[in-house]
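Per-entry structural report
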Amino acid sequence: MSSPANRVRVGFVLLSGPMRPIPSTRIAALNVFPWLEQAGYAPELLHAPEVATETPELTLSARRIAESGVRIVVFQKVHGASAERLARELESLGVRTVFLVCDLVEPAMCEATSATATVTEFLRSLYPAALQSRIHVVHDGIERLEVVATPRDHRADAREPLRAVLVTSSELFEVPVLGVPPPWLQVTIVGQYPDARETAQRLRRTWWALQRSVGWRARQALLRAALSPRIRRVRWTADGVYDELRRADVGIVPVDTRSTVRIPGQPVPIWQIKSENRLTLKMAAGLPVVATPIPSYREVLRSGENGFFAETATQWLEALQRLRDPAERRRVGAAARASVQTRYSQQAQASALAALFSKLLASR
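A short tour of the structure in this document, coming up. (Residues numbered from 1 in each chain as written. Predicted model: local features only at pLDDT ≥ 70, side-chain atom pairs only at ≥ 80, totals over all residues. Heavy atoms only, no water.)

1. Side note on the packing of aromatic side chains
Given two aromatic rings, their pairing is described by the distance between the two centres and the angle made by the two planes. Rule in force here: Pairing of aromatic side chains requires ring centres within 6.5 Å, counting the rings of Phe and Tyr and the six-membered ring of Trp. Pairs whose planes differ by under 30 degrees are stacked, by over 60 edge-to-face, and all others tilted. Labels follow the DSSP assignment, with helices taken as runs of H or I lasting at least four residues and strands as runs of E lasting at least two, numbered in each case from the N terminus. Residue exposure (1.4 Å probe, protein chains only): buried if accessible area is under 20% of the type maximum, exposed if over 50%, otherwise partly exposed.
Summed over all chains, the structure comprises two aromatic pairs. Their ring planes at 70° and their centres at 5.3 Å tell us that Tyr41 and Phe357 sit as a pair that is edge-to-face. Of this pair, Tyr41 sits in strand S2 (residues 41-47) while Phe357 sits in helix H14 (residues 346-363), and the two are 316 residues apart along the sequence. The class for Tyr41 is buried, based on a relative accessible area of 5%. On the basis of relative accessible area, Phe357 is assigned to the buried category, the value being 0%.

2. A short note on helix H12 (residues 313-322)
Here is the rule: Our arc is simply the arc of the directions from the helix axis toward the C-beta atoms.
All of the buried residues in H12 are Trp316, Ala319 and Leu320. Within H12, the buried residues cover an arc of 95° as seen down the axis, which keeps them to one side.

3. Quick look at the sheet that holds strand S8 (residues 185-191)
To keep it simple, the criterion reads: The criterion for strand pairing is that DSSP finds at least two bridges linking the strands in question.
Across the sheet, which stays open at both edges, the six strands sit in the order S9-S8-S7-S10-S11-S12 with parallel pairing between neighbours. Whereas interior strands pair on both sides, the edge strands pair on one side only; in this sheet they are strand S9 (231-235) and strand S12 (308-309). As judged from the five bridges shared by S8 and S9, these two strands associate in the parallel manner. In the sheet register, Val187 faces S9, and the bridge partner there is Ile231.

4. A look at the nonpolar core
Rules: To form a nonpolar core, buried Ala, Val, Leu, Ile, Met, Phe, Trp, Tyr and Cys residues must be joined to one another through side-chain atoms within 4.5 Å. It only takes one pair of heavy atoms within 4.5 Å for two residues to be counted as in contact.
Judged by nonpolar contacts, the single largest core of 26 residues is most densely connected at Leu58, Val73, Phe75, Leu90 and Tyr127. Where this core is concerned, the elements lending two or more residues are helix H3 (62-67), strand S3 (72-76), helix H4 (81-92), strand S4 (96-101) and helix H5 (107-112). In terms of residues, this core owes the most to one element, H4, which gives four residues. The residues touching Leu90, leaving out its near neighbours within four places in the chain, are Ala62, Ile65, Val73, Phe75, Val95 and Thr97. Counting 25 residues, the second largest nonpolar core, distinct from the first, contains Val32, Tyr41, Ala117 and Ala354.

What follows is the structure, encoded as C-alpha coordinates:
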(Lines give C-alpha, C1' and ligand atoms only; values in the text may rest on other atoms or scores of the structure.)
Protein backbone atom coordinates (compact mmCIF):
# COMPACT_ATOMS: atom_id res chain seq x y z
CA MET A 1 0.00 0.00 0.00
CA SER A 2 1.35 3.42 -0.97
CA SER A 3 1.77 6.16 1.63
CA PRO A 4 -0.97 8.82 1.77
CA ALA A 5 1.43 11.47 0.44
CA ASN A 6 2.10 9.45 -2.72
CA ARG A 7 -1.49 8.57 -3.58
CA VAL A 8 -3.16 10.08 -6.62
CA ARG A 9 -6.03 12.33 -5.54
CA VAL A 10 -9.42 11.48 -7.04
CA GLY A 11 -12.40 13.77 -6.45
CA PHE A 12 -15.93 12.36 -6.43
CA VAL A 13 -19.09 14.24 -7.42
CA LEU A 14 -21.73 12.03 -5.81
CA LEU A 15 -25.41 11.50 -6.46
CA SER A 16 -26.08 11.39 -2.69
CA GLY A 17 -24.17 12.10 0.53
CA PRO A 18 -22.40 9.63 2.84
CA MET A 19 -24.80 10.20 5.76
CA ARG A 20 -27.83 8.93 3.81
CA PRO A 21 -26.42 7.36 0.65
CA ILE A 22 -28.76 5.74 -1.83
CA PRO A 23 -27.68 2.24 -2.99
CA SER A 24 -25.95 3.36 -6.19
CA THR A 25 -23.74 5.83 -4.30
CA ARG A 26 -22.90 3.29 -1.63
CA ILE A 27 -22.09 0.50 -4.08
CA ALA A 28 -20.40 2.44 -6.89
CA ALA A 29 -18.37 4.85 -4.77
CA LEU A 30 -18.28 4.69 -0.96
CA ASN A 31 -17.73 0.93 -0.73
CA VAL A 32 -14.71 0.98 -3.02
CA PHE A 33 -12.85 3.86 -1.35
CA PRO A 34 -10.78 1.59 0.95
CA TRP A 35 -9.82 -0.63 -2.00
CA LEU A 36 -8.86 2.39 -4.12
CA GLU A 37 -6.60 3.56 -1.30
CA GLN A 38 -4.84 0.20 -1.37
CA ALA A 39 -4.37 0.66 -5.12
CA GLY A 40 -2.61 4.00 -4.62
CA TYR A 41 -5.46 6.49 -4.92
CA ALA A 42 -6.82 9.02 -2.45
CA PRO A 43 -10.57 9.45 -2.93
CA GLU A 44 -12.18 12.65 -1.62
CA LEU A 45 -15.64 14.19 -1.82
CA LEU A 46 -16.15 17.29 -3.96
CA HIS A 47 -19.96 17.20 -4.02
CA ALA A 48 -22.14 15.05 -1.73
CA PRO A 49 -25.73 16.38 -1.37
CA GLU A 50 -28.05 15.39 1.48
CA VAL A 51 -30.85 14.82 -1.04
CA ALA A 52 -30.00 12.68 -4.06
CA THR A 53 -29.97 14.74 -7.26
CA GLU A 54 -28.93 13.43 -10.68
CA THR A 55 -28.87 16.84 -12.38
CA PRO A 56 -27.71 19.37 -9.76
CA GLU A 57 -26.60 22.92 -10.49
CA LEU A 58 -22.93 22.43 -9.70
CA THR A 59 -20.99 25.49 -8.56
CA LEU A 60 -17.60 23.82 -8.21
CA SER A 61 -14.63 25.69 -9.66
CA ALA A 62 -12.68 23.60 -12.15
CA ARG A 63 -9.62 25.79 -11.69
CA ARG A 64 -9.62 25.38 -7.90
CA ILE A 65 -9.99 21.64 -8.25
CA ALA A 66 -7.06 21.50 -10.67
CA GLU A 67 -4.88 23.78 -8.54
CA SER A 68 -5.60 21.70 -5.42
CA GLY A 69 -3.84 18.72 -6.98
CA VAL A 70 -6.86 16.54 -7.83
CA ARG A 71 -5.94 14.60 -10.98
CA ILE A 72 -9.16 12.71 -11.67
CA VAL A 73 -12.80 13.67 -11.05
CA VAL A 74 -15.53 11.02 -11.02
CA PHE A 75 -19.17 11.93 -11.65
CA GLN A 76 -21.26 9.21 -9.96
CA LYS A 77 -24.46 9.20 -12.02
CA VAL A 78 -24.45 13.03 -11.94
CA HIS A 79 -25.17 14.52 -15.36
CA GLY A 80 -26.89 17.49 -16.99
CA ALA A 81 -25.70 20.85 -18.32
CA SER A 82 -23.64 21.98 -15.32
CA ALA A 83 -21.94 18.57 -14.97
CA GLU A 84 -21.03 18.57 -18.68
CA ARG A 85 -19.68 22.10 -18.41
CA LEU A 86 -17.57 21.25 -15.35
CA ALA A 87 -16.21 18.10 -17.02
CA ARG A 88 -15.11 20.04 -20.11
CA GLU A 89 -13.47 22.76 -18.01
CA LEU A 90 -11.59 20.14 -15.99
CA GLU A 91 -10.43 18.39 -19.16
CA SER A 92 -9.11 21.69 -20.53
CA LEU A 93 -7.04 22.10 -17.34
CA GLY A 94 -5.54 18.62 -17.57
CA VAL A 95 -7.80 16.88 -15.02
CA ARG A 96 -9.17 13.58 -16.33
CA THR A 97 -12.87 12.87 -15.80
CA VAL A 98 -14.97 9.71 -15.50
CA PHE A 99 -18.76 9.28 -15.74
CA LEU A 100 -19.76 6.38 -13.48
CA VAL A 101 -23.29 5.17 -14.34
CA CYS A 102 -25.44 2.16 -13.50
CA ASP A 103 -28.76 2.48 -15.34
CA LEU A 104 -28.75 5.43 -17.74
CA VAL A 105 -27.67 6.16 -21.29
CA GLU A 106 -26.27 9.71 -21.39
CA PRO A 107 -24.24 10.27 -24.59
CA ALA A 108 -23.71 13.98 -23.83
CA MET A 109 -21.99 13.17 -20.53
CA CYS A 110 -19.97 10.44 -22.23
CA GLU A 111 -18.74 12.98 -24.80
CA ALA A 112 -17.84 15.53 -22.11
CA THR A 113 -15.70 13.14 -20.02
CA SER A 114 -12.51 11.18 -20.65
CA ALA A 115 -14.26 7.86 -20.02
CA THR A 116 -17.58 6.34 -19.01
CA ALA A 117 -17.87 3.29 -16.75
CA THR A 118 -21.10 1.27 -17.04
CA VAL A 119 -22.04 -1.73 -14.91
CA THR A 120 -22.96 -4.11 -17.76
CA GLU A 121 -21.98 -4.91 -21.32
CA PHE A 122 -25.61 -4.44 -22.37
CA LEU A 123 -25.71 -0.89 -21.00
CA ARG A 124 -22.48 -0.18 -22.83
CA SER A 125 -24.00 -1.47 -26.08
CA LEU A 126 -26.80 1.11 -25.91
CA TYR A 127 -24.39 4.02 -26.38
CA PRO A 128 -23.66 5.28 -29.93
CA ALA A 129 -21.00 3.38 -31.87
CA ALA A 130 -18.81 6.47 -32.08
CA LEU A 131 -18.52 6.54 -28.27
CA GLN A 132 -17.79 2.85 -27.66
CA SER A 133 -14.03 3.36 -27.32
CA ARG A 134 -14.64 5.65 -24.33
CA ILE A 135 -16.85 3.19 -22.45
CA HIS A 136 -15.59 0.58 -19.98
CA VAL A 137 -17.46 -2.01 -17.90
CA VAL A 138 -17.01 -1.86 -14.12
CA HIS A 139 -19.41 -4.26 -12.43
CA ASP A 140 -21.17 -3.47 -9.15
CA GLY A 141 -19.37 -5.04 -6.19
CA ILE A 142 -21.11 -7.37 -3.73
CA GLU A 143 -21.46 -5.52 -0.43
CA ARG A 144 -21.23 -8.24 2.23
CA LEU A 145 -19.55 -11.27 0.78
CA GLU A 146 -19.25 -12.88 4.21
CA VAL A 147 -23.04 -13.36 4.47
CA VAL A 148 -24.03 -16.95 3.64
CA ALA A 149 -27.49 -18.48 3.94
CA THR A 150 -28.08 -21.33 6.38
CA PRO A 151 -29.38 -24.30 4.35
CA ARG A 152 -32.26 -26.38 5.65
CA ASP A 153 -32.16 -30.10 4.88
CA HIS A 154 -35.82 -30.77 4.14
CA ARG A 155 -38.09 -31.30 1.17
CA ALA A 156 -40.47 -28.34 1.09
CA ASP A 157 -44.18 -28.98 1.55
CA ALA A 158 -47.25 -27.15 2.82
CA ARG A 159 -46.29 -27.74 6.46
CA GLU A 160 -42.71 -26.52 6.00
CA PRO A 161 -42.73 -24.43 2.81
CA LEU A 162 -39.82 -23.36 0.67
CA ARG A 163 -38.67 -19.90 1.79
CA ALA A 164 -38.03 -17.56 -1.12
CA VAL A 165 -36.65 -14.04 -0.76
CA LEU A 166 -37.15 -11.18 -3.21
CA VAL A 167 -35.20 -7.94 -2.65
CA THR A 168 -36.52 -4.86 -4.44
CA SER A 169 -36.01 -1.10 -4.40
CA SER A 170 -39.75 -0.53 -4.81
CA GLU A 171 -42.97 -1.38 -2.96
CA LEU A 172 -44.37 -4.56 -4.48
CA PHE A 173 -47.80 -5.82 -3.45
CA GLU A 174 -47.70 -9.00 -5.53
CA VAL A 175 -44.98 -11.25 -6.89
CA PRO A 176 -44.36 -10.36 -10.55
CA VAL A 177 -45.04 -13.17 -13.05
CA LEU A 178 -45.53 -15.79 -10.34
CA GLY A 179 -48.62 -14.29 -8.69
CA VAL A 180 -49.85 -15.93 -5.48
CA PRO A 181 -47.43 -18.67 -4.33
CA PRO A 182 -48.58 -22.31 -4.13
CA PRO A 183 -49.05 -23.90 -0.67
CA TRP A 184 -45.47 -25.24 -0.58
CA LEU A 185 -43.89 -21.81 -1.17
CA GLN A 186 -43.61 -18.71 1.03
CA VAL A 187 -42.23 -15.48 -0.43
CA THR A 188 -40.67 -12.67 1.62
CA ILE A 189 -40.46 -9.38 -0.27
CA VAL A 190 -37.87 -6.99 1.19
CA GLY A 191 -38.64 -3.50 -0.11
CA GLN A 192 -39.68 0.07 0.56
CA TYR A 193 -42.51 -0.63 2.99
CA PRO A 194 -43.61 1.14 6.16
CA ASP A 195 -42.60 -0.58 9.38
CA ALA A 196 -44.76 -3.62 10.19
CA ARG A 197 -46.14 -1.76 13.22
CA GLU A 198 -47.48 1.03 11.02
CA THR A 199 -50.64 -0.89 10.12
CA ALA A 200 -52.71 2.12 9.06
CA GLN A 201 -50.00 3.35 6.71
CA ARG A 202 -49.66 -0.11 5.16
CA LEU A 203 -53.42 -0.30 4.58
CA ARG A 204 -53.42 3.14 2.96
CA ARG A 205 -50.55 2.14 0.65
CA THR A 206 -52.43 -1.02 -0.37
CA TRP A 207 -55.57 1.02 -1.05
CA TRP A 208 -53.64 3.45 -3.25
CA ALA A 209 -52.09 0.55 -5.16
CA LEU A 210 -55.57 -0.88 -5.80
CA GLN A 211 -56.75 2.47 -7.12
CA ARG A 212 -53.82 2.64 -9.52
CA SER A 213 -54.52 -0.83 -10.90
CA VAL A 214 -56.15 -0.83 -14.32
CA GLY A 215 -59.09 -3.21 -14.73
CA TRP A 216 -60.90 -5.49 -12.34
CA ARG A 217 -58.66 -8.48 -13.09
CA ALA A 218 -55.55 -6.55 -12.05
CA ARG A 219 -57.26 -5.31 -8.88
CA GLN A 220 -58.46 -8.80 -8.02
CA ALA A 221 -54.95 -10.24 -8.48
CA LEU A 222 -53.40 -7.51 -6.33
CA LEU A 223 -55.99 -7.97 -3.59
CA ARG A 224 -55.45 -11.75 -3.55
CA ALA A 225 -51.70 -11.21 -3.21
CA ALA A 226 -52.12 -8.53 -0.54
CA LEU A 227 -54.26 -10.89 1.54
CA SER A 228 -52.18 -14.02 0.94
CA PRO A 229 -50.57 -15.45 4.10
CA ARG A 230 -47.80 -16.84 1.88
CA ILE A 231 -46.45 -13.39 0.99
CA ARG A 232 -44.58 -11.40 3.64
CA ARG A 233 -43.62 -7.76 3.11
CA VAL A 234 -40.62 -6.65 5.13
CA ARG A 235 -39.19 -3.17 5.34
CA TRP A 236 -35.70 -2.90 3.88
CA THR A 237 -32.95 -2.05 6.38
CA ALA A 238 -29.21 -2.34 5.93
CA ASP A 239 -28.96 -5.30 8.32
CA GLY A 240 -32.47 -6.70 7.96
CA VAL A 241 -32.04 -7.57 4.30
CA TYR A 242 -29.13 -9.86 5.17
CA ASP A 243 -31.11 -11.49 7.98
CA GLU A 244 -33.73 -12.42 5.40
CA LEU A 245 -31.09 -13.78 3.02
CA ARG A 246 -29.69 -15.99 5.79
CA ARG A 247 -33.16 -17.39 6.55
CA ALA A 248 -34.09 -18.09 2.92
CA ASP A 249 -33.88 -21.36 0.98
CA VAL A 250 -33.94 -19.75 -2.47
CA GLY A 251 -33.72 -16.32 -4.05
CA ILE A 252 -36.08 -15.07 -6.73
CA VAL A 253 -35.75 -12.14 -9.14
CA PRO A 254 -38.96 -11.97 -11.19
CA VAL A 255 -39.27 -9.06 -13.65
CA ASP A 256 -42.42 -8.04 -15.52
CA THR A 257 -41.02 -7.77 -19.04
CA ARG A 258 -44.39 -6.64 -20.42
CA SER A 259 -43.79 -3.19 -18.96
CA THR A 260 -42.99 -0.45 -21.46
CA VAL A 261 -42.26 2.22 -18.82
CA ARG A 262 -39.14 4.21 -19.65
CA ILE A 263 -37.05 6.80 -17.89
CA PRO A 264 -37.52 9.95 -20.01
CA GLY A 265 -34.89 10.13 -22.71
CA GLN A 266 -33.79 6.49 -22.35
CA PRO A 267 -33.82 4.15 -25.36
CA VAL A 268 -35.33 1.03 -23.73
CA PRO A 269 -37.79 0.13 -20.92
CA ILE A 270 -36.48 0.39 -17.36
CA TRP A 271 -36.34 -3.36 -16.81
CA GLN A 272 -33.86 -3.85 -19.66
CA ILE A 273 -31.18 -1.64 -18.09
CA LYS A 274 -31.28 -3.03 -14.55
CA SER A 275 -27.86 -3.94 -13.20
CA GLU A 276 -26.99 -7.46 -12.06
CA ASN A 277 -26.69 -6.38 -8.40
CA ARG A 278 -29.93 -7.90 -7.05
CA LEU A 279 -29.04 -11.19 -8.68
CA THR A 280 -25.42 -11.36 -7.48
CA LEU A 281 -26.54 -10.28 -3.98
CA LYS A 282 -28.51 -13.53 -3.61
CA MET A 283 -26.05 -15.74 -5.47
CA ALA A 284 -23.18 -14.53 -3.26
CA ALA A 285 -25.17 -15.67 -0.21
CA GLY A 286 -25.14 -19.20 -1.60
CA LEU A 287 -28.82 -19.14 -2.56
CA PRO A 288 -30.04 -20.99 -5.64
CA VAL A 289 -31.79 -18.29 -7.65
CA VAL A 290 -34.61 -18.29 -10.17
CA ALA A 291 -34.63 -15.14 -12.31
CA THR A 292 -36.20 -13.57 -15.37
CA PRO A 293 -33.64 -13.61 -18.23
CA ILE A 294 -33.07 -9.85 -18.63
CA PRO A 295 -29.87 -8.68 -20.41
CA SER A 296 -27.64 -8.09 -17.37
CA TYR A 297 -28.63 -11.41 -15.76
CA ARG A 298 -27.68 -13.34 -18.90
CA GLU A 299 -24.08 -12.26 -18.30
CA VAL A 300 -24.08 -13.95 -14.87
CA LEU A 301 -26.44 -16.92 -14.71
CA ARG A 302 -26.14 -20.22 -16.58
CA SER A 303 -29.55 -21.84 -16.32
CA GLY A 304 -29.42 -25.30 -14.77
CA GLU A 305 -25.88 -24.78 -13.46
CA ASN A 306 -25.67 -21.81 -11.06
CA GLY A 307 -29.35 -20.88 -11.11
CA PHE A 308 -32.43 -21.02 -13.30
CA PHE A 309 -34.06 -18.73 -15.82
CA ALA A 310 -37.85 -18.66 -16.04
CA GLU A 311 -40.21 -16.47 -18.06
CA THR A 312 -43.78 -17.79 -17.77
CA ALA A 313 -45.57 -18.65 -14.52
CA THR A 314 -45.37 -22.32 -15.53
CA GLN A 315 -41.60 -22.14 -15.97
CA TRP A 316 -41.27 -20.40 -12.62
CA LEU A 317 -43.17 -23.15 -10.84
CA GLU A 318 -41.17 -25.86 -12.62
CA ALA A 319 -37.87 -24.32 -11.50
CA LEU A 320 -39.05 -23.83 -7.93
CA GLN A 321 -40.40 -27.40 -7.87
CA ARG A 322 -36.88 -28.62 -8.62
CA LEU A 323 -35.57 -26.57 -5.71
CA ARG A 324 -37.90 -28.22 -3.24
CA ASP A 325 -35.21 -30.94 -3.19
CA PRO A 326 -32.53 -30.00 -0.59
CA ALA A 327 -29.75 -31.71 -2.58
CA GLU A 328 -30.58 -29.60 -5.64
CA ARG A 329 -30.62 -26.45 -3.53
CA ARG A 330 -27.17 -27.24 -2.15
CA ARG A 331 -25.74 -28.01 -5.60
CA VAL A 332 -27.05 -24.90 -7.32
CA GLY A 333 -26.42 -22.62 -4.32
CA ALA A 334 -22.76 -23.65 -4.06
CA ALA A 335 -22.27 -23.12 -7.80
CA ALA A 336 -23.97 -19.72 -7.57
CA ARG A 337 -21.66 -18.43 -4.83
CA ALA A 338 -18.54 -19.79 -6.50
CA SER A 339 -19.40 -18.08 -9.80
CA VAL A 340 -19.78 -14.55 -8.40
CA GLN A 341 -17.66 -14.18 -5.27
CA THR A 342 -14.48 -13.25 -7.18
CA ARG A 343 -15.76 -11.68 -10.39
CA TYR A 344 -18.27 -9.41 -8.61
CA SER A 345 -16.35 -8.65 -5.42
CA GLN A 346 -15.67 -5.10 -4.27
CA GLN A 347 -11.96 -5.76 -4.80
CA ALA A 348 -12.57 -6.71 -8.45
CA GLN A 349 -14.75 -3.62 -8.88
CA ALA A 350 -12.08 -1.34 -7.40
CA SER A 351 -9.33 -3.02 -9.44
CA ALA A 352 -11.24 -2.36 -12.66
CA LEU A 353 -11.79 1.27 -11.66
CA ALA A 354 -8.13 1.70 -10.65
CA ALA A 355 -7.02 0.22 -13.98
CA LEU A 356 -9.21 2.75 -15.77
CA PHE A 357 -7.69 5.59 -13.74
CA SER A 358 -4.17 4.41 -14.57
CA LYS A 359 -5.01 4.23 -18.27
CA LEU A 360 -6.38 7.78 -18.26
CA LEU A 361 -3.37 9.19 -16.43
CA ALA A 362 -0.97 7.43 -18.80
CA SER A 363 -2.79 8.72 -21.88
CA ARG A 364 -2.78 12.34 -20.75
